[in-house]
Amino acid sequence: MAQPIFLSSGYRCVKHPVEQEKDRPGEHTHGMAIDILCHGARALRIIELAQKRNVKRIGVHQKGNPNGRFVHIGIADRYNLAFPVAIWTY
Ligand SMILES: [Zn+2]
């Protein structure tokens, strides 16, 4: 059954505070990543769906307040932007 998704982050300017903390701007600044708010079984389902669609950059933030948890879905590795395939946690 189709369900809406809620994003905590999409495109970010290189001047965004989160990006300013990084060594170099992340894939959000290329418009190639979203953070989907989710936790529990829904987070697992989103990861499964991403993998079915050959997504190779997945970040998992599943600590703290459930309402702030998210899964990062990135596709910058597909565009030779020096973002390697990876899975990571926050
Ligand atoms: Zn992200």
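Student: Looking at this structure, I do not really get the coordination of the zinc ion. What am I missing?
Tutor: Around the zinc ion, the protein contributes the donor atoms His28 (NE2), Asp35 (OD) and His72 (ND1), at 1.9 to 2.0 Å from the metal centre. For the zinc ion, all donor residues lie on one chain, and their spacing in sequence is H-x6-D-x36-H.

Student: I keep staring at the pairing of strand S2 (residues 33–37) and nothing clicks. Help me out?
Tutor: In summary, the side chains of a regular strand alternate between the two faces of the sheet. Of the strand pairs in this sheet, strand S1 (residues 7–9) and S2 are connected by 2 bridges, and their pairing is antiparallel. Paired with Ser9 across the bridge in S2 is Asp35. For S2 and strand S4 (residues 70–74), the ladder comprises 5 bridges, and the chain directions are antiparallel. Bridge assignment links Leu37 to a residue of S4, and that residue is Phe70.

Student: Just to check I follow, could you spell out the environment of Gly59 for this structure?
Tutor: Considering the arrangement of structural elements, one finds Gly59 in strand S3 (residues 57–61). Residues Gly59 and Ala86, 27 residues apart in the sequence, show an inter-C-alpha distance of 8.1 Å. Ignoring anything within four residues of it in the chain, the contact list for Gly59 reads Phe70, Val71, His72, Trp88 and Tyr90.

Student: How do you make sense of the sheet that holds S1 when you look at a structure like this?
Tutor: In a beta sheet, neighbouring strands are held together by backbone hydrogen bonds and run either parallel or antiparallel to one another. With respect to topology, 5 strands assemble into an open sheet ordered S1-S2-S4-S3-S5, the strand pairing being mixed. One side of each edge strand has no neighbouring strand; the edge strands of this open sheet are S1 and strand S5 (86–89). The average undirected angle you get between the axes of adjacent strands in this sheet is 25°. Against the sheet, helix H2 (residues 40–52) touches S2, S3 and S4, its axis set at about 10° to S4.

Conventions used here
Residues numbered from 1 in each chain as written. Predicted model: local features only at pLDDT ≥ 70, side-chain atom pairs only at ≥ 80, totals over all residues. Heavy atoms only, no water. Donors = N, O, S within 2.8 Å, 3.2 Å for Na, K, Ca; no water. Pairing = 2+ DSSP bridges. Helix = DSSP H or I, 4+ residues; strand = E, 2+ residues; numbered from the N terminus. Contact = heavy atoms within 4.5 Å. Axes fitted to C-alpha atoms, helices over the stretch in contact; angles between N-to-C directions.

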